[in-house]
Amino acid sequence: MNTDSSTSNDSSSCGKTSLKTTLIDYFNLLKYNRNYRLYLFSHCMQHTGDWFIRIATLLSVERLAPDSATAISIIILCKIIPEVIVTSFGGVLSDSFDRRKLMISLDSFAALSTLSFIFAVRTGNVMYLFAATVLRSTIVSLYEPITKSIFPMFVTDPEDLKRAATLNGSAWAGMLLLGGICGGYLAAVIGIEACYVIDSLTYFLSAFIMSKVNGTFSVTQSFNPEVQGDLMKVDVKNKKLGAKVRSNLLYAAHGVIAYITMTKDFFVYLVSSGFGLCAFLKATGTLTWGTQDVLNASISFVEGNEQETARRMGLIYSSAGFGCLIGPFISNSFVVKGDKPSTLQLACIGAFLLQVAGWFGIAGAQDNFFAVCAFTVVRASGESIIWMCATLLLQTLTNATFLGRMLSFEYSVCRCTEAFISYLAGSLEDAGYGKHEIASLSACIGGMMFIFWSVYYLFGKGAANPRFNQTREQEIEVTAFKSTKEVV
């Protein structure tokens, strides 16, 4: 009896010590890494505004085009299609110029573009709202691969990189939790326009915070006008008009050729990397959760009561934020190890089961709003694990010179699948299919993705390949063995 009690106490003590050590590690990362700390604050500001504008835009669609799920699908497409087209350019920019300066510039443009939403709401024209969404999405699309590829430059240790990715995901989820509650409340009490103004201010704050980051964050000089040879050294003032035109055309052509060359080099790298299919991991996840905006708007809607609709929508998104907040901590505590990329792939596989359980729960509890919120927590925890771990896997394995293009490719593909499934969901709802059928469809897709990635993992593919999971000690042993063999 005493022995069992002692063992139990030791185990409890070890658990508390482990948790304390983990929290200290997170605290030290923030305390001693000033650049990452500023980046994280900027990240929080940006995403706080994102959730305000997301809720405000869905409410604006319901006001300007009531009882139309297709209109909600179109606003989602207006957000996603520019991301599909433009994100690859963001990846090339990320790999060509200083990432910090790019983030500051794009934050400022995004803040100004938000004002176009207020114009759309005041004119009462849903087409203007679609145009404002396209403009804002174009800017954010350029921003996405840049912000994801810069933070590994702040954090180089594999374990700290895992912690930083967790903090990024937690910040995103925390801002969703805060933005959901505050956005829904402000939209109901003050008005939709207040959400747009707050979003604009948060982007200005994000730009200001990033301006305080020290250092240069460029990985290549592949497209620097100062080193482009004789073409850039020509004295344009002394040239005739025809020569000036030719010079400008050649300069533009060089940019196009550089883009094509960098894109071709990336696809060669993607195919030969050994983990290229993992770039589609997040995209298969969006096939599972891509119906969420259409369903959230439908579940939240209370006919003739915009204030109650805003409140319910805020609660649903806050529930999703809470799920996204706890998901990464669960995966990091029980599955993910910093020196084992295969565990990131394994965490994503398990997350598909959470998606399946959450969607089936929502399908069965659609008439009970609080049960829907509870199952949204389950679904969102799986979503956040896939979103974080899929990106972290690529950040861990991808060569730094290709990272911007890799993340932009991943983002573009996942937005393509999200555009497809969200439009399908809106069309199905307008065709007479209920929330139960659409949520069940999402659960079934999640089950198929779970089976596919489980088989892929069991056959040792992608990050599960042993060559990506050698510890430093194992690498030293292999190197020593090869050296010995060469001597013999």
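How each quantity is defined
- Residues numbered from 1 in each chain as written.
- Predicted model: local features only at pLDDT ≥ 70, side-chain atom pairs only at ≥ 80, totals over all residues.
- Heavy atoms only, no water.
- Helix = DSSP H or I, 4+ residues; strand = E, 2+ residues; numbered from the N terminus.
- Buried < 20%, exposed > 50% of the residue type's maximum accessible area, 1.4 Å probe, protein only.
- Contact = heavy atoms within 4.5 Å.
- Areas by Shrake-Rupley, 256 points an atom, 1.4 Å probe, with all protein chains shown as cover.
- Arc of directions from axis to C-beta.
- Polar contact = N/O pair within 3.5 Å; in protein donor to acceptor, adjacent residues only side chain to side chain.
- Axes fitted to C-alpha atoms, helices over the stretch in contact; angles between N-to-C directions.
- Parallel < 35°, antiparallel > 145°, perpendicular 65-115°, else oblique.
- Nonpolar A, V, L, I, M, F, W, Y, C, P; charged D, E, K, R; others polar.
- Salt bridge = Lys/Arg side-chain N within 4 Å of Asp/Glu carboxyl O.
- Disulfide = S-S within 2.5 Å.
- Expected span 1.5 Å × (residues − 1).
- pLDDT = per-residue confidence, 0-100.
- Patch = residues over 30% accessible without salt bridge, like charges linked within 9 Å, V, L, I, M, F, W, Y side chains within 5 Å.
- Phe/Tyr/Trp six-rings, centres within 6.5 Å; stacked < 30°, edge-to-face > 60°.

A. How the structure looks around the overall build of the protein chain. Looking only at helices and strands, the protein chain features 18 helices and zero strands. Evaluated residue by residue, the protein chain yields a buried proportion of 53% over its 488 residues. Taking all contacts inside the protein chain whose residues are at least 6 apart in sequence as the whole, residues at least 24 apart take part in 85%. A total of about 22,300 Å² of accessible surface is found on the protein chain, and carbon and sulfur atoms cover 65% of it.

B. Examining helix 5 (residues 115–123) more closely. Burial in helix 5 covers these residues: Phe117, Ile118, Ala120 and Val121. For helix 5, the arc enclosing every buried residue in end-on projection is 160°, short of the 170-degree limit, so these residues lie on one face. At its buried positions, helix 5 is contacted by helix 2 (34–64), helix 4 (99–113), helix 6 (126–154) and helix 8 (192–210). Immediately beyond the C-terminal end of helix 5, within one or two residues, lies Gly124, with a positive phi of roughly 70°.

C. Representation of the side chain of Arg136 in the model. Mapped onto the secondary structure, Arg136 falls in helix 6. Among the polar contacts made by the side chain of Arg136, one reaches the side chain of Thr114 at a distance of 2.8 Å.

D. How the structure looks around the packing of helix 3 (residues 69–94) against helix 16 (residues 403–430). Running from amino to carboxyl end, helix 3 crosses helix 16 at an angle of 170°, the nearest separation of the two axes being 8 Å. Overall, the two elements helix 3 and helix 16 adopt an arrangement that is roughly antiparallel. Here the contact of helix 3 with helix 16 is built from residues that sort into ten nonpolar, twelve polar and seven charged.

E. Expanded view of the pattern of salt bridges. Throughout the structure, instances matching the rule amount to twelve salt bridges. Where Arg163 meets Asp25, a salt bridge forms, and the shortest distance between an N and an O atom there is 3.2 Å. Here the residue Arg163 occupies a position in helix 7 (residues 158–189), and Asp25 occupies one in helix 1 (residues 2–32), the gap between them amounting to 138 residues. Residue classification places Asp25 among the partly exposed residues on the basis of a relative accessible area of 25%. Here Asp199 makes a salt bridge to Arg136, at a shortest N to O gap of 2.6 Å. One end of the pair, Asp199, is in helix 8; the other, Arg136, is in helix 6, and 63 residues separate them in sequence. Salt bridges sharing common partners tie together Asp25, Asp160 and Arg163.

F. A look at the state of the cysteines. All told, the structure shown has zero disulfides when counted by the stated rule. In this model Cys348 remains outside any disulfide bridge; the closest cysteine sulfur is found in Cys389, 4.9 Å from its own.

G. Spatial organisation of the environment of Met449. In this fold, Met449 is placed in helix 17 (residues 435–458). Taking the C-alpha atoms as reference points, Met449 and Leu287, separated by 162 residues in sequence, lie 9.0 Å from one another. Contact partners of Met449, with chain neighbours within four places excluded, come to Thr284, Thr288 and Phe352.

H. Structural view of helix 16. Counted at 1.5 Å a residue, the expected span for helix 16 with its 28 residues is 40 Å, and the 41 Å between its end C-alpha atoms agrees. Of all the 28 residues making up helix 16, 20 are buried; the element is thus mostly covered by neighbouring parts of the structure. Directly after helix 16, the chain includes Gly432, whose backbone phi takes a positive value near 110°.

I. Looking closely at the confidence of the model for the protein chain. When pLDDT is averaged along the protein chain, the result is 81, and 84% of the positions lie at 70 or above. When pLDDT is averaged over each helix and strand of the protein chain, the minimum, 40, is found for helix 18 (residues 472–487) and the maximum, 95, for helix 17. Within the model, pLDDT remains below 50 along residues 1–17, and this stretch shows zero contacts once partners closer than five positions in the same chain are excluded. Within the model, the stretch residues 472–488 combines pLDDT values under 50 with five contacts to residues more than four positions away or in other chains.

J. Seen up close, a nonpolar patch on the surface. A surface patch of nonpolar side chains, amounting to about 410 Å² of accessible area, comprises Phe109, Leu112, Leu115 and Phe204. When you line up the elements, Leu112 lands in helix 4.

K. Just the packing of aromatic side chains, in detail. The final tally for this structure, using the stated rule, is 18 aromatic pairs. Taking the centre distance of 6.3 Å and the plane angle of 55° together, the rings of Trp289 and Trp387 count as tilted. Taken as a pair, Trp289 in helix 11 (residues 281–289) and Trp387 in helix 15 (residues 369–397) lie far apart in primary sequence, 98 residues in all. Exposure remark for Trp289: the relative accessible area of 2% places this residue in the buried category.

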